[in-house]
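As a plain string of letters, each chain reads:
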Amino acid sequence: MHIDAPFELVLFGGLGDLSQRKLLPAMFMLFCDGRLPQPGKIVAITRRELARDDFLQQVRQALRQHLEARYFDESLWHQFVEYLVCHTIDLNDANTFVQLEQVLDKQCQNRVFYLATGSDLYTSICAGLHHSHLIHEHAKVVLEKPIGHDFESATQINNAVAEYFAESQIYRIDHYLGKETVQNLMVLRFANSLFEHQWNHKYIDHIQITISESLGVEKRAGFYDHVGAMRDMFQNHLLQLLCITAMEPPASLEPDAIRDEKVKVIRSLRAITGDAINDKVVRGQYDAGVADGKPVPRYRDEPDVAGKSQTETFVAVKVEIENWRWAGVPFYLRTGKRLAERACEIVVHFKEIPHSIFPLQHKNTMANKLVFRLQPDEGIRLMLCEKKIGPGMNVRPMNLSLNPADHKKTRVPEAYERLLFDVLVSNATLFLRDDELMEAWRWVDSILTFWNDLEQRPEPYTSGSWGPAAATLLLAKDGRLWDENS
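Treat the numbers as computed from the prediction; the structure is a model and nothing was measured. Throughout, residues of each chain are indexed from 1 in the direction in which the sequence is written. Side-chain atom pairs in this predicted model are given and counted only at pLDDT of 80 or more, local residue features only at pLDDT of at least 70, and totals for whole chains, interfaces and linings cover all residues. Computation of side-chain values: all heavy atoms of the structure, hydrogens and water removed.

Participant: An account of the overall build of the protein is requested, with residue identities and associated values reported.
Facilitator: On a plain count of helices and strands, the protein comes out with 15 helices and 16 strands. By the compact-globule yardstick of 23 Å for 486 residues, the protein fits well, its C-alpha radius of gyration being 24 Å. Expressed as lengths along the three principal axes of its C-alpha atoms, the size of the protein is roughly 75 × 50 × 45 Å. Within the span of the protein, comprising 486 residues, buried residues form 54% of the whole. When contacts within the protein are restricted to residue pairs at least 6 apart in sequence, those whose partners lie at least 24 apart make up 77%. With an accessible surface of roughly 22,300 Å², the protein has 50% of that area assigned to carbon and sulfur atoms. Charge counting follows a simple rule: Lys and Arg are positive, Asp and Glu are negative, and His as well as the terminal groups are ignored. In plain terms, the charge of a residue is placed at NZ if it is Lys, CZ if Arg, CG if Asp and CD if Glu. The centroid of the 55 positive side-chain charges in the protein is displaced by 6 Å from the centroid of its 66 negative side-chain charges. Helix numbers and strand numbers start at the N terminus; a helix is a DSSP run of H or I with at least 4 residues, a strand a run of E with at least 2. Radius of gyration: over C-alpha atoms. The globule rule applied is 2.2 Å multiplied by the number of residues raised to the 0.38 power. Exposure categories follow from relative accessible area, calculated using a 1.4 Å probe and restricted to protein chains: below 20% of the type maximum is buried, above 50% is exposed, and the middle band is partly exposed. Should any heavy atoms of two residues lie within 4.5 Å, those residues are counted as being in contact. To be clear on the numbers: accessible area is Shrake-Rupley with a 1.4 Å probe, and residue cover counts the displayed protein chains and nothing else.

Right, here's the structure in full:
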């Protein structure tokens, strides 16, 4: 698929961390694949004046740093620079937006405003664009997460953006939904009767979803200390993966048909309130330890983190869905920083066989599992049992593997490539609708309020471990264990 009409992509936060690590490299790879039309324009909005040569040098360094060396083609770079423009705006002064009109083409219908900034700036940016008459009926706006700090602030931001953009023009992005394996999960479920017939409480014991990071807060401490793991990762990424895993078959692949089913999942989540929060939610904060063979400080000793910070860097939750398909099937969700390894996995644990005729088959350890791995390497594994080669009827576990990188000798596109392209062709399937966002905030809010009222300190855990002891206990009291490969 190609973009036929000219486009304009206006990046607010144009030289910020997200733009340099993900957005600009993604646009460069789309260009290298021949998927961007000419003419086109990528306008990086910055807060300070920057000479064009300095701007281009900074973008070039970002591409070389964040793309594999084999994908950076010098001759293609010299063509790509024709798309790039740098423009300075004071985001808090609506009058400075007027100058942007001189940079953009009035005739261009495919105009995208990408807000790669904190959500506290969304209202002033949209107001500035409106004030300068830069929003037309075909314009689109992309909002990065987290949108708001809680249900109330998310409602205010949502309403403010809706004053200037129709819902069909708003693309709330979650890059995990752009990963190849997430979409492959939908294909495996809905294109294969083998899986869909067993995708329910009759055959599945429980499901684990993990997003773990081995790094600490790094350069994001100033932002992260006001957000925490629940807002930064759980409310959006983890709940989105839960929705994709648990949703009912949509009527079609139309964007709203899929998003309708995802909203139903969130609305079916059993509320966790009061004392149940202590029972089903674990909150942790990393302590000093060792990462990659080097000593690392505790969270409270990181630069730009308050000395008595009670911000959580780890969250684990036992989630239950109150509908016929998932009655009695717990979903265990966790995310954290400074854990044993970087990974993102959805692990479907099928129920044990009722009776084993093989004496050395341990039902619990050899139960079938279906693993969807999203990072660091994408792939799907189905764990089955087979006969061990040799005499006797000894049973051993074995894996059937499906890795997207194995099918072709071409690379697997990054999530932001797919999502940016989808915005440019107006495909909203993998983006959040307003009701989806608000239902997620509504569910999380009771937990955030409980923590705020009690002012409890998160449970410390050693950096390089798999989190606090209470997270292990969360599953152990149900007779289960986390999947941990390290």
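Participant: Describe the sheet that holds strand 5 (residues 140–143), naming the residues involved and giving the relevant values.
Facilitator: Whether two strands pair depends on DSSP finding at least two bridges between them. Ordered in space as 3-2-1-4-5-6, the six strands form an open sheet in which the pairing is parallel. Strands at the two margins of the open sheet, each flanked by one partner only, are strand 3 (84–88) and strand 6 (170–172). Ignoring strand direction, the axes of neighbouring strands in this sheet form an average angle of 20°. Relative to strand 4 (residues 110–115), strand 1 (residues 7–12) runs parallel, the two being bridged by six bridges. Only the contacting stretch of a helix is used when fitting its axis, a line to C-alpha atoms as for every element, and angles between N-to-C directions run 0 to 180 degrees.

Participant: So what about unusual backbone geometry? Which residues, and what values?
Facilitator: A cis amide bond, omega 0°, links Q38 with the succeeding residue P39. The residue P39 is located in the loop between helix 1 (17–32) and strand 2 (40–46) in this model. Backbone torsion omega between K145 and P146 reads -10°, so that peptide bond is classified as cis. Tracing the sequence through the fold places P146 in the loop between strand 5 and helix 5 (151–162). Positive phi, normally seen in glycine, also occurs at R338, with a value near 55°. Within the fold, R338 resides in the loop between strand 11 (330–336) and strand 12 (343–350). Among the residues examined, R338 registers a relative accessible area of 8% and is labelled buried.

Participant: Outline the packing of aromatic side chains, listing residues and values.
Facilitator: Each pair of aromatic rings taken from Phe, Tyr and Trp, with Trp reduced to its six-membered ring, is defined by centres within 6.5 Å and is described as stacked if the planes are under 30 degrees apart, edge-to-face if over 60, and tilted in the remaining cases. Applying the stated criterion across every chain, the model contains 17 aromatic pairs. Taken together, a centroid distance of 6.3 Å and an interplanar angle of 15° make the contact between F234 and W443 stacked. In this pair, F234 sits in helix 9 (residues 228–246) while W443 sits in helix 14 (residues 434–454), placing the two residues 209 residues apart along the sequence. With respect to class, F234 is no different from W443; both count as buried. Taken together, the aromatic side chains of F7, F28, F31, F72, W77, F80 and Y83 make up a single cluster linked through ring pairs. For R35, the ring lying beneath its charged end belongs to F421, and the centroid distance is 3.9 Å. Only Lys NZ and Arg CZ are tested; either one counts as a charge over a ring when it is within 6 Å of the ring centre and within 35 degrees of the ring normal. The ring of Y176 carries K179 above its face, with NZ or CZ at 5.5 Å from the centroid.

Participant: Just give me the short version of the nonpolar core, but keep the residues and values in it.
Facilitator: Within soluble globular proteins, side chains that are nonpolar generally end up buried alongside one another. For the purposes of this section, nonpolar cores are sets of buried Ala, Val, Leu, Ile, Met, Phe, Trp, Tyr and Cys residues that join through side-chain atoms within 4.5 Å. Membership of the largest hydrophobic core comes to 148 residues, with the highest contact counts inside it found for F12, Y114 and F234. Top contributing element to this core by residue count: helix 9, with 11 residues.

Participant: Give a detailed account of the packing of helix 6 (residues 180–191) against helix 9, specifying residues and quantitative values.
Facilitator: Contact geometry for helix 6 and helix 9: axes closest at 9 Å, N-to-C directions at 20°. By the angle class used here, helix 6 and helix 9 are roughly parallel. Relative to helix 9, the crossing made by helix 6 is right-handed. Residues V182, L185, M186 and R189 of helix 6 form the contact with helix 9, whose participating residues are L241, I244, T245 and A246. Throughout, the ten residues Ala, Val, Leu, Ile, Met, Phe, Trp, Tyr, Cys and Pro are labelled nonpolar, Asp, Glu, Lys and Arg are labelled charged, and all others, Gly among them, are labelled polar. Tallied by class, the residues present in the contact of helix 6 with helix 9 amount to six nonpolar, one polar and one charged. Here is the rule for angles: anything less than 35 degrees is roughly parallel, anything more than 145 is roughly antiparallel, 65 through 115 is roughly perpendicular, and the remaining ranges are oblique. For any pair of crossing helices, the crossing counts as left-handed if the nearer helix is rotated counterclockwise from the farther one by less than a right angle, and right-handed if it is rotated clockwise.

Participant: Outline the pairing of strand 1, supporting the account with residue identities and numerical values.
Facilitator: Looking along a regular strand, one sees side chains alternate from face to face of the sheet. Within strand 1, six of the six residues are buried, which leaves it mostly tucked inside the rest of the structure. Where strand 1 and strand 2 come together, six bridges link them in parallel fashion. Residue pairing in the sheet places F12 in a bridge with I45 of strand 2.

Participant: So what's going on with the packing of helix 10 (residues 255–267) against helix 14? Which residues, and what values?
Facilitator: Interaxial distance between helix 10 and helix 14 falls to 9 Å at its minimum, and their mutual angle equals 15°. The pairing of helix 10 with helix 14 is recorded here as roughly parallel in orientation. Here the hand of the crossing between helix 10 and helix 14 comes out left-handed. Only D435, E436, E439 and A440 of helix 14 make contact with helix 10, whose side of the interface consists of R259, K262, V263, I266 and R267. For the contact of helix 10 with helix 14, the per-class residue count stands at three nonpolar, no polar and six charged.

Geometry only, nothing functional implied.
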